[in-house]
Amino acid sequence: MILHKDLEKVLISREEIAAKVAELGQQISADYEGQEVVAICVLKGAIIFTADLLRHLTFDVTLDSISVSSYGHSTHSSGVVRFLKDLDESIEGRHVLLIEDIIDTGLTLKYLTENLYSRKPKSLKICTLLDKPSRRLVDIKPDYCGFTIPDSFVVGYGLDYGELYRNLPDVGILKPEVYRA
Ligand code: 5GP
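As the structure is a computational prediction, the values presented were derived from the model and not from experiment.

It is characteristic of soluble globular proteins that their nonpolar side chains tend to be buried jointly. Among the nonpolar cores identified, the biggest contains 28 residues, and Ile28, Phe49, Leu53, Leu97, Cys127, Leu130 and Val154 are the most heavily contacted of them. Those elements giving two or more residues to this core turn out to be helix H1 (14–31), strand E2 (36–43), helix H2 (47–54), strand E5 (95–103), strand E6 (123–131), strand E7 (144–148) and strand E9 (171–174). For this core, the element with the highest residue contribution is H1, accounting for four residues. Judged by nonpolar contacts, the second largest core, of 18 residues, contains Val38, Leu87, Leu124 and Ile126.

The structure is reproduced here in structure tokens:
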């Protein structure tokens, strides 16, 4: 495997990701068997995770997406959350599975879940590929989590820095000089 020049190291390989996504898919499928669920992809970071996860779900699922601003070109949360794209359909009375790339401070997800709860879904669960619990500022926990990771800034498999690196198949730690430059 060739390491991208801007990565310090690969944290989670594509093989480890694929195995975990399949495992999560099985777990979620068992929990929702026989139900119909709206999967909401939190753009853009969760696009690749959502695309892979959905193919492991065995119940009836529809797909919607939502977009809120997070860091822009910085590596730290401003705590200011801005809506960029709303859902296409109503979620009232429906089972909702919110699919995130990473939970860091939890500020984005807290804002999002409060907003979604106000639309009266039948249920709302959170699935995240990555979790950095050591950085949490608000009390929020995912129902399904792929990997708990240490406090490093990661990119790849959908996660970006300044819109780059989403296409990398592995999740890697970005060299600090890249974001300090
Ligand atoms: P929070 O509001 O939980 O602090 O941040 C959530 C959002 O910040 C994520 O959806 C993601 O867009 C971004 N984020 C947090 N940590 C990282 C990270 O290590 N790498 C990247 N690329 N984005 C991150």
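Read on, since the account is not over.
A separate point is the environment of Gly158. Looking at the element boundaries, Gly158 is found in the loop between strand E8 (154–155) and E9. For Gly158, the contacting residues outside a window of four places in its chain are Lys44, Gly45, Ile48 and Arg166.

Tallied over the full model, the rule gives five aromatic pairs. Each member of the aromatic cluster is reached from another via a ring pair, and the members are Phe153, Tyr161 and Tyr179. Just above the ring of Phe147 sits the side chain of Lys20; from NZ or CZ to the centre is 5.5 Å. The aromatic ring of Tyr32 is capped on one face by Lys125, whose charged end is 5.3 Å from the ring centroid.

Each value, and the rule that gives it
- Residues numbered from 1 in each chain as written.
- Predicted model: local features only at pLDDT ≥ 70, side-chain atom pairs only at ≥ 80, totals over all residues.
- Heavy atoms only, no water.
- Core = buried A, V, L, I, M, F, W, Y, C linked by side-chain atoms within 4.5 Å.
- Buried < 20%, exposed > 50% of the residue type's maximum accessible area, 1.4 Å probe, protein only.
- Helix = DSSP H or I, 4+ residues; strand = E, 2+ residues; numbered from the N terminus.
- Contact = heavy atoms within 4.5 Å.
- Phe/Tyr/Trp six-rings, centres within 6.5 Å; stacked < 30°, edge-to-face > 60°.
- Lys NZ or Arg CZ within 6 Å of the ring centre and 35° of its normal.

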